[in-house]
Amino acid sequence: MIILTDKNDAKINWQEVADLIESGGLNKRNPYVVQQAFMNSTFTWFGFEAGKLVATARAISDLTWASYLADVVVSPEHQGIGLGKQLMLTIKETLHPYGKTFIYAVPDKISFYEKHGFCILLTGMVCDKSENLFTMRENGYIR
């Protein structure tokens, strides 16, 4: 079991958060930019086990109809023991009162999110700089 806290917890080390995100299969990020993204998010979750950061997630929400869930990560050495399930239960409990929850998932984690009630959108779209769209196409996120 992990102890969950939010962005206002003084013990958040943003370099550790950036390292966790990268170790979880998401791209390498600048700790300052990670801090900015989390501090500007409506909801944040940080999971600690024995004082060590092992899980994180964040969401942006209009607190009415929709939320966007992002950066859901459990450290690779802590996967498969129920920490992701605990994190997702807390996230769903928090976000469900605010309508739909959208997530942009890493392709190999789609089945994990489906187990937690997420369905693949047939009409989702994205707009970004051409070089970012190229990378997304190369990595199997868009066609």
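Just so it is clear, the model here is predicted, and its values are computed rather than measured.

Caption draft 1: The nonpolar core, seen in detail. W45, A57, L69, V72, L87, M88 and I91 are the most contacted members of the largest nonpolar core, which has 17 residues in total. Of all the elements in the fold, those that place two or more residues in this core are β2 (43–49), β3 (52–61), β4 (66–74) and α3 (83–95). In contact with L87, other than residues within four places in its own chain, are L4, W45, A55, T56, A57, V72, V73 and V74. Residues W14, L20, I21 and V34 belong to the second largest nonpolar core, which totals 12 residues.

Caption draft 2: Spatial organisation of the pairing of strand β5 (residues 100–103). Bridging between β4 and β5 involves 4 bridges; their strand directions are parallel. Note on β5: the bridge partner recorded for A66 is K100.

Caption draft 3: Seen up close, the environment of G99. With respect to the element layout, G99 can be found in the loop between α3 and β5. For the pair G99 and L122, spaced 23 residues apart in sequence, the C-alpha to C-alpha distance is 19 Å. Ignoring anything within four residues of it in the chain, the contact list for G99 reads T64 and W65.

Caption draft 4: Expanded view of the pairing of β3. In terms of residue burial, β3 counts as a mostly covered element, since 8 of its 10 residues are buried. Note that β2 and β3 share 7 bridges and pair antiparallel. In the sheet register, G47 faces β3, and the bridge partner there is A55. Connecting β2 to the antiparallel partner β3 that follows it, the hairpin turn spans 2 residues, and A50 within it adopts a positive phi of roughly 55°. Direction of pairing for β3 relative to β4: antiparallel, over a ladder of 6 bridges. Pairing of A59 across the sheet is with L69, part of β4. Counting the residues in the hairpin turn of β3 and β4 gives 4 residues, including L63, whose phi is positive at 60°.

Caption draft 5: Seen up close, the pattern of salt bridges. Across all of its chains, the model carries 3 salt bridges by this definition. Between K28 and E22 there is a salt bridge, with its nearest N and O atoms 3.8 Å apart. Residue classification places K28 among the exposed residues on the basis of a relative accessible area of 64%. Here D71 ties to R29 by a salt bridge, and the two come within 2.6 Å at their closest N and O atoms. Of this pair, D71 sits in strand β4 while R29 sits in the loop between α1 (14–23) and α2 (31–39), placing them 42 residues apart in sequence. On the accessibility criterion, D71 (8% relative accessible area) is buried. Members of the salt-bridge network, linked through shared partners, are R29, R58 and D71.

The rules behind each value
Going along each chain's sequence as written, the residues are numbered from 1 onward. Under the rules for a predicted model, residues below a pLDDT of 70 receive no local features and side-chain atom pairs below 80 are neither given nor counted, while totals for whole chains, interfaces and linings still include all residues. Each side-chain value is derived from all of the structure's non-hydrogen atoms; neither hydrogens nor water enter the calculation. Nonpolar cores are built from buried Ala, Val, Leu, Ile, Met, Phe, Trp, Tyr and Cys residues. Side-chain atoms within 4.5 Å join them into one set. Accessible area is worked out with a 1.4 Å probe on protein chains only. A residue is then buried under 20% of its type maximum, exposed over 50%, and partly exposed in between. Think of it this way: any DSSP run of H or I at least four residues long counts as a helix, any run of E at least two long counts as a strand, and we number them from the N terminus. Only heavy atoms enter the contact rule, under which two residues are in contact if any of them lie within 4.5 Å. Any two strands with at least two DSSP-identified bridges between them are counted as paired. Think of a salt bridge as a Lys or Arg side-chain nitrogen and an Asp or Glu carboxyl oxygen that are within 4 Å of each other.

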